[in-house]
Each structure stands twice: as structure tokens, then as C-alpha cells.
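What follows is each chain in one-letter form.
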Amino acid sequence: MTQPDEFQRAFAAVSPLRRAVTWGLVLVCLAGAAWGARPAWRTLKVWRADGFMREAIEFQKEEQMSLAFERVRSALQLDPDRMDALRLSARLQTLVGSEASIQAWQRVLDSAESTREDRVAYLEAALAFERPDLAAARVPEVVAQADLTGRESRLVAVYHLSRNETVEATRFARLAVKHEPVNPTNVLFLASLLSVEASDSARNEARRLLWSVADHPDTNAIGPTVRVEALRRVGSEEVGQRDDRERIVARLESVEPRSVREDILLAETRIQLDPSCADAVVAALLAMLPREDWEHLELACEALLRRGRAAEVVQLTGAGRGMVNRRLFLARHEALRAAGEGEESYRHLLQTDTPLPPFDLELARVRAASDLGDARRRDAHLKDLLRAAGEHPLRIRRVAALAEAAGTREALAVAEDAWTRIGARAAQRIESLRHLQRLADRRGDTWTAREHARRVRHLGAEDEELKLELAYYDLLLEEEPGPALAEAERQVAADPKDPFPRAVAALAYLRAGRPEAARLALDRVALESTSRPGLLAVVVAAYAANGHEARARELASQLVLARLRPEERTLITRWVVPAPAGAELIGVAR
């Protein structure tokens, strides 16, 4: 039956029933295979992902992070919702210091399988990368737990410290020590908070805490690094006492460093105790330093910079070593700057393919250009710095502060852009508008400043000063003086000694053509020494309107015209000499 026609005759001879049964069996087998294929494929994927995860964990133990990342990514490609892979990915990104760890931990928290430890890890990542705005959403639920751990208490303390809430930071730092009294990290953190307080009792408590770490009996639990760090702090001017010196020296002699890092820390502590031995200690340290061991070279450069040894750092970071990584790159820049090579340090920052992240690089360039007194280059870098800040609120605030301090028109425009971006968040909208109002005042745009103040009031701010500011703006812009006068008189009655409402009332009387009432409104108030130069302009106008032109000219000569709004300058135009050159520039803080 090898010929086709013979096969056809044999198949035709089969009965229709038998043919139907055969095809039915074939279809059943195909259906069964199709039905079982998906579970089999799913099982195969899980088995393969398990293998990738085992390899990733092994690579992590061996500190081969790039290979560990690769295996975790492979596991997530096979199973995107695999919880242990998501958690390990976030942990690896935390270990390598990547800001993407925040988003990675957020993805873990979005899962129903997330744990308390995951929430703590997310909080730790957010605080490590200066994102208290993200941490704020998690802090209340952490604090609400009845069994707060030492680690959680310390993280909450760090959160409050980032918001300059030092009282709350100290309270939670004490809780951290209470929960884990033998944890040196908690003890050192509390000691650092207490050491900056003004009271002797706080500094004495910091000293006692530091000695508890330095004298800890379990050497293996504490380790030389922590012990020497505690001794270095207890020997500092903030908390140390004269009778501690011999005791510190005795403890230092008993420390056996196990790494170059600990050697460097030990050397710095010895120099702190006896600055006269600095040259000998530094020479010995440089002699033992392996020049191609980048981590140890970083530590040595940073230690030398702290001791003011810029020339040695310039030498150590030469021949391309200053481009190896972030810390050496910055060390060379700081060393050149400290050595008086400002232009060279600036050119160092302008190199391409630098190891610094964009924001840190632009921040260093802004400072270098400022040191050189080059406003044009500084303002250009401020614009780039704002772009590099992204959506990071603390970074944007830093850019705004730097731009406002610069004070030029270009820099103030950058500050306005920064505060506008901050105002995109509803919680910061009033604060943003307040800053924008102040910046509009600095550039002499009273109309825009009033609009920002009106928006602040529309958002619900009803403080007395805002009402008075709006009344003052209306008077400067020559609106109907009646409502402004009523508001000023109400606040004068509430606080007769406050100069601001009295000045506003005086200006309202001047606008209403009542100069005598304006003079009476200014009685018994020391407006001539006010920190608001615009109010002194009102005093000048009031004196002149009542015929005391000699006194008006005398006071007007004390004014810096560049610090006045255009409308305030108009008030005193009759009684002052023409504005000096450059007075039209806005650049002096109001």
C-alpha cells in the first residue's frame, strides 16, 4: 500500500462510522493537548523564574549587583507580579543607591502582599533621597502602630528633622534608643541631635551616650568604625571636656583597625586631639595608601580635605583619577577650589561624561560660577539646575533659594519658575503664591504682586497681615481709599503700636486729601527705623504734605530707591534727588 491510489481505495473502504470515531478521537486529543498547554507553560515559567531568583540571590551575596539585576529582570519578564522578585529588585536598587528604589518600593506597596517591613523600607528610601513629601504619606501609619520598633522610631525622627521639627525629632530619637538601647546607630543619632542643643544638660547627655558606645564591652557587636566614630564625637568641642582627653587616647590605643577606612578615621581622631601631629599622621597615611584602590583613595582625599590639605588631594586625583567616580570628581573640584584655582575648578566641572548626576553637577557649576563672580554663567547654570531638579520638591526649593540670593533679573525669573512648579501641588499653593508675590514686589510689578495676594486670600488665607497688604496695594495703585482706610483703622484700634497699619492709614488719608490726619496717624510710632522701606516713603510723603520739607528730604536721603516699589518712589519724587545710576535695577532683598 505504497501507491497513492491504493491508499485512497483502502481509506474509502472504511465505514463512515469508523471514520467519524477516528476523527472524534483525534479532535479530543487535540483539545486535551490545548487545554493542558497553558498550565504546563505556566508551570514552566514559574520553574524558570525560580531558577533566576536563586541565581540573583547568589549574585547578591557575592556583591555582583549587575548580574543580580539581570537575573531579577529575567524573573520579572516571566512573572511581572512575582512578589519576591519585586522586593529583591527594590532592595538591590536601594543597595546601589539608586533613586529608582523609591518607585520600586512603591510598586511593592501597591501589592496586597506587602508587609510592614516593606513600608519601612519605602520610608527609608524616601528619606535617604530627601523626599519627605513622599515619606509624609507613610509616617502617620507608622506612628499609629502600638509596637513601634527602634528602626521605625529613628526613621520618623529623621523625617521630622528633614522638616526642621527638632523637638519631635529628638522625641522619636529617644524612643528609638528606648526600644533598642544597644543599637549604636540609634545612640549616635540621638547624640548628634543633643550635641547641637544650647543647654548643658543636653550636651552632657550626648557625652554620656557617646561614652556608652565607646566603652561597649562587645567589640564584635560594635566594631572599630563605630567605636572610633563615638570617640571622635566625644572629643569634639560640642560635647567633649578636658578630662576626657586621656580617657579617649587610652581607648584609641586599644582599637585595632581592620581596614583602610578605619585607619583613616582613627588618624582623623588623633589629629583632632592633637593638631600638632597632623603632618606626621598624614604622611604615614599616604605612605600606606594603595593608589589604585578607588574606595580607599576616596576616603583619603575626603580626610585630607577636612584637614585643609588641598595640594595633596590635587596630586592624588591627577592623571585621570578625578574622573573615576563621583566622590573623587568632587574631591578634585574642592581641592582646586581650596588651592585658589577657581577657574581651573570650574573647567573641571565643565568636562563631558562626568560621573556626577545632572543635578549635583549643575549645583557645583552654579557655586563655582558664583565664586568666580560671573553672574552670566551662574544664571545660565541656574536655569539648567532647575531643569535637572525634575519634580523633586526639596531640590526645586534649593534652586529657588539660590536664585533669590543671586538677585539678578534672570535669576529671579528662575526663582519664579521654581515657585510656580512648587505651587502645582495643592498643599503648597499658598506658600508658592506668597513667594511669587514677594518676587513680583522685588521686580517692581505691584499689579502682579496684588493679584498673587488676592489669590492667596481666595484660597482661604484670612490672616490680618494679608488683609493689610491688600489694602496697601490698593492705595499704591490709587484705588478708592475708603475700604483700605476702614481696614487700617480697624487694625490700628486692635494694635496701636504696630507701625504697618498706621502707615497704611496715613497713606489712605493722603489719598483722601487729609494730610493732617495722616500726620496724626503716624504719631507715637517709630516708623523712621522700620524694616519696610516702603513705609518710610509714606512717612516722607506725610512730612512733606504737612509742610515739613526739610525733614522729608533728610529722611528721603536715607532711602535706597532700588528697594522701593515704583509707586512708592512716585510718592517721594518731589523731595529726593534723581535716582542714582543703577537704581532701576531690582536686586536688593526687600
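Caption draft 1: The arrangement of the overall build of the chain in detail. Broken down by element type, the chain carries 33 helices and 0 strands. Looking at the 590 residues of the chain, the share that counts as buried comes to 43%. Counted over contacts in the chain with a minimum sequence separation of 6, partners at least 24 positions apart contribute 53%. On the chain, roughly 31,100 Å² of surface is accessible, and the fraction owed to carbon and sulfur atoms is 54%.

Caption draft 2: Representation of the packing of helix H9 (residues 150-162) against helix H10 (residues 166-179). Where H9 meets H10, the closest approach of the two axes is 8 Å, and the angle between their N-to-C directions is 165°. On the basis of the axis angle, H9 is roughly antiparallel to H10. The way H9 lies across H10 gives a crossing that is left-handed. Contacts from Gly150, Ser153, Arg154, Val156, Ala157, His160 and Leu161 of H9 reach H10 at Thr166, Glu168, Ala169, Phe172, Ala173, Leu175, Ala176 and His179. For the contact of H9 with H10, the residue count by class is 8 nonpolar, 5 polar and 2 charged.

Caption draft 3: Examining the side chain of glutamate 469 more closely. Inspection of the secondary structure assignment puts glutamate 469 in helix H27 (residues 464-476). Non-local contacts of glutamate 469, meaning those with residues more than four positions away in its chain, are made with Arg434, Gln437 and Phe500.

Caption draft 4: Highlighting the pattern of salt bridges. Applying the stated criterion across every chain, the model contains 49 salt bridges. Residue glutamate 99 is joined to arginine 395 by a salt bridge in which the shortest nitrogen-to-oxygen separation is 3.6 Å. Here the residue glutamate 99 occupies a position in the loop between helix H4 (83-95) and helix H5 (100-109), and arginine 395 occupies one in helix H23 (residues 393-406), the gap between them amounting to 296 residues. For glutamate 99, a relative accessible area of 27% translates into the label partly exposed. One connected set of salt bridges, linked through shared partners, spans Arg450, Glu451, Arg454, Asp474 and Glu479.

Caption draft 5: Spotlight on unusual backbone geometry. The residue asparagine 164 is not glycine, and still its phi comes out positive at about 60°. Examined against the element boundaries, asparagine 164 turns out to sit in the loop between H9 and H10. One non-glycine residue, glutamate 478, adopts positive backbone phi at about 60°. Looking at where glutamate 478 falls in the secondary structure, it is placed in the loop between H27 and helix H28 (481-494).

Caption draft 6: Layout of helix H26 (residues 446-458). Taking 1.5 Å as the rise per residue, H26 with 13 residues should run 18 Å; its terminal C-alpha atoms sit 18 Å apart, in good agreement. Among all positions of H26, only Thr446, Ala449, Arg450, His452, Ala453 and Val456 are buried. Each buried residue of H26 lies within a common arc of 160° when the element is viewed along its axis, so the set occupies one face. Structurally, H26 contributes buried residues whose contacts are with helix H25 (429-442), H27 and helix H33 (566-571). Following H26 by one or two positions, glycine 460 adopts a phi angle in the positive range, close to 115°.

Caption draft 7: Quick look at the environment of histidine 348. Mapping histidine 348 onto the fold places it in helix H20 (residues 342-349). Histidine 348 gets classed as buried once you look at its relative accessible area, which sits at 5%. Considering only alpha carbons, one finds histidine 348 and methionine 323, 25 residues apart in sequence, at a separation of 9.5 Å. Leaving out residues up to four positions away in the same chain, histidine 348 has contacts with Gly322, Met323, Phe329, Arg332, His333 and Leu336. A polar contact of 3.1 Å, which involves the side chain of histidine 348, links it to the backbone oxygen of phenylalanine 329.

Caption draft 8: Layout of the packing of aromatic side chains. For the coordinates displayed, the defined rule picks out 1 aromatic pair. A ring pair is formed by tyrosine 472 and phenylalanine 500, whose centres lie 6.1 Å apart and whose planes are at 75°; its orientation type is edge-to-face. Pair noted here: tyrosine 472 is in helix H27 and phenylalanine 500 is in helix H29 (residues 499-511), with a separation of 28 residues, a long-range link. With relative accessibility at 4%, the residue tyrosine 472 sits in the buried group. Arginine 48 extends its terminal NZ or CZ atom over the ring of phenylalanine 52, reaching a point 4.2 Å from the ring centre. Against the face of phenylalanine 172 rests arginine 171, its NZ or CZ located 4.4 Å from the ring centre.

Caption draft 9: Representation of the nonpolar core in the model. One finds Leu123, Ile248 and Leu252 to be the most contacted residues of the largest nonpolar core, which totals 41 residues. Among all residues touching leucine 252, those that are not within four sequence positions of it are Val228, Leu231, Leu266, Thr269, Arg270 and Leu273. Ala471, Ala503, Leu535 and Ala542 belong to the second largest nonpolar core, which has 37 residues in total.

Caption draft 10: Quick look at the confidence of the model for the chain. For the chain, the mean per-residue pLDDT works out to 81, and 86% of the residues sit at or above 70. Element-level pLDDT for the chain is lowest in helix H1 (residues 4-13), with a mean of 57, against a maximum mean of 94 in helix H22 (residues 375-389). Across residues 577-590, where pLDDT falls below 50, the model places 25 contacts with residues more than four positions away in sequence or in other chains.

Caption draft 11: Representation of the environment of histidine 296. By the secondary structure assignment, histidine 296 is in helix H17 (residues 294-306). Taking C-alpha positions, histidine 296 is 9.1 Å from serine 259, a pair spaced 37 residues apart along the chain.

Caption draft 12: Looking closely at helix H32 (residues 549-556). Among all positions in H32, only Ala552, Leu555 and Ala556 are buried. Taken down its axis, H32 places every buried residue within 100° of arc, on the same side. Those residues of H32 that are buried are in contact with helix H31 (533-545).

Caption draft 13: Looking closely at the packing of H31 against H32. Running from N to C, H31 and H32 cross one another at 160°; their axes reach a closest spacing of 7 Å. One finds that H31 runs roughly antiparallel with respect to H32. The handedness of the crossing between H31 and H32 is left-handed. For the pair H31 and H32, contact is made by Leu536, Val539, Val540, Tyr543 and Ala544 and by Glu549, Arg551, Ala552, Leu555 and Ala556, respectively.

Caption draft 14: Up close: the environment of leucine 520. Its place among the elements puts leucine 520 in helix H30 (residues 515-521). For leucine 520, a relative accessible area of 45% puts it in the partly exposed group. The spatial distance from the C-alpha of leucine 520 to the C-alpha of alanine 542 is 9.7 Å, given a sequence separation of 22 residues.

Thresholds applied
- Residues numbered from 1 in each chain as written.
- Predicted model: local features only at pLDDT ≥ 70, side-chain atom pairs only at ≥ 80, totals over all residues.
- Heavy atoms only, no water.
- Helix = DSSP H or I, 4+ residues; strand = E, 2+ residues; numbered from the N terminus.
- Buried < 20%, exposed > 50% of the residue type's maximum accessible area, 1.4 Å probe, protein only.
- Contact = heavy atoms within 4.5 Å.
- Areas by Shrake-Rupley, 256 points an atom, 1.4 Å probe, with all protein chains shown as cover.
- Axes fitted to C-alpha atoms, helices over the stretch in contact; angles between N-to-C directions.
- Parallel < 35°, antiparallel > 145°, perpendicular 65-115°, else oblique.
- Left-handed = near helix turned anticlockwise from the far one by under 90°.
- Nonpolar A, V, L, I, M, F, W, Y, C, P; charged D, E, K, R; others polar.
- Salt bridge = Lys/Arg side-chain N within 4 Å of Asp/Glu carboxyl O.
- Expected span 1.5 Å × (residues − 1).
- Arc of directions from axis to C-beta.
- Polar contact = N/O pair within 3.5 Å; in protein donor to acceptor, adjacent residues only side chain to side chain.
- Phe/Tyr/Trp six-rings, centres within 6.5 Å; stacked < 30°, edge-to-face > 60°.
- Lys NZ or Arg CZ within 6 Å of the ring centre and 35° of its normal.
- Core = buried A, V, L, I, M, F, W, Y, C linked by side-chain atoms within 4.5 Å.
- pLDDT = per-residue confidence, 0-100.

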